[in-house]
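Structural overview for review
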Amino acid sequence: MSNVQANAITPNKTYTGQPLETVRASGMPTGTTITFSWEEGGQTKTESYTATAAQASYDGAKITAAGNYTVTVTFALEGYGTETRTVPVTVNKATVELPEIATASMRYYQGYTYTGVQVDADSSQYNYSGTYQAVDAGTYTVTLTLEDADNYRWGAAPSAAANRVTINGGTAEIRWTI
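Our subject in this report is the structure included herewith. (Residues numbered from 1 in each chain as written. Predicted model: local features only at pLDDT ≥ 70, side-chain atom pairs only at ≥ 80, totals over all residues. Heavy atoms only, no water.)

**Quick look at the sheet that holds strand β4 (residues 33-40)**
Test applied: DSSP bridges decide pairing: two strands pair if at least two such bridges lie between them. Put simply, DSSP H or I for four residues or longer makes a helix, DSSP E for two residues or longer makes a strand, and each gets a number counted from the N terminus. To obtain each axis, a line is fitted to C-alpha atoms, and for helices this fit is confined to the stretch in contact; angles are then taken between N-to-C directions over 0 to 180 degrees.
In spatial order, the strands read β2-β8-β7-β4-β5; together these five strands make up an open sheet with mixed pairing. Strands at the two margins of the open sheet, each flanked by one partner only, are β2 (12-14) and β5 (43-50). Geometrically, the sheet is characterised by an average inter-axis angle of 30° between neighbouring strands, direction not taken into account. Where β2 and strand β8 (residues 81-92) come together, three bridges link them in parallel fashion. For Asn-12, the partnering residue across the bridge sits in β8 and is Thr-90.

Here's what the structure looks like:
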């Protein structure tokens, strides 16, 4: 049993909205019970498998949320005792790209509607408030708020607009001018 191994399948996975197998257990004799356990969302989660001769490794610890985890893998076989391995796992937040932002101040033409930020009004990833289109000259602000800031983060602002974008956690504030 001293040859058993437990390793992160991919050290840094990215949240997908689906359960992600994060740890691979291997090197155990047939009949070994393999138990993956970890804390997620304030609950202890476990998965157990029994090793067969036909399967050399087992993937488990199906994590469903972004965060840092410690997965404990326990190998138990009657007559051989128990071995335990711990594996650090990171599931990164997925990136939501900022909508297109006007690159510079726009020249004012009376009666023309300007779009400073190409907000997706039907987005399921964020809500918006403020002014993303305007007719009159002035400076406007649009605030975008992620629906699920626990699992998503904003991408970087385009370099031409970086000084007009403020990101604070799940909120992005964009200033634009006509």
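**Re the sheet that holds strand β11 (residues 126-130)**
One open sheet holds the four strands; their spatial order is β11-β13-β16-β15, and the pairing between them is antiparallel. Each having just a single partner strand, β11 and β15 (165-168) make up the two edges of the open sheet. Averaged over all pairs of adjacent strands, the angle between their axes in this sheet comes to 20°, without regard to strand direction.

**Looking at the packing of aromatic side chains**
For clarity, the cut-off: A pair of aromatic rings is counted whenever rings of Phe, Tyr or Trp (Trp by its six-membered ring) have centres within 6.5 Å, and the orientation is called stacked for planes under 30 degrees apart, edge-to-face for over 60 and tilted otherwise. Each residue is placed in one exposure class: buried if its accessible area under a 1.4 Å probe, protein chains only, is under 20% of its type's maximum, exposed if it is over 50%, and partly exposed if it falls in between.
According to the stated counting rule, one finds six aromatic pairs in the structure shown. Seen in terms of ring centroids, Tyr-15 and Tyr-152 are 5.4 Å apart; in terms of plane orientation they differ by 85°. Their pairing is edge-to-face. Taken together, the residues Tyr-15 in the loop between β2 and β3 (20-26) and Tyr-152 in strand β14 (residues 152-154) connect sequence positions 137 residues apart. By the burial criterion, Tyr-15 is buried, and Tyr-152 matches it. These aromatic residues form a ring-pair network of at least three members: Phe-36, Tyr-49 and Tyr-58.

**What to know about the pairing of strand β7 (residues 67-77)**
Pairing analysis gives five bridges linking β4 to β7, with the strands arranged antiparallel. Note that in β7 the partner of Phe-36 across the bridge is Val-73. Alignment of β7 against β8, held across 11 bridges, turns out to be antiparallel. By the bridge assignment, Asn-68 is partnered in β8 with Thr-90. Between the end of β7 and the start of β8, which pair antiparallel, lie three residues, with Gly-79 showing a positive phi angle near 90°.

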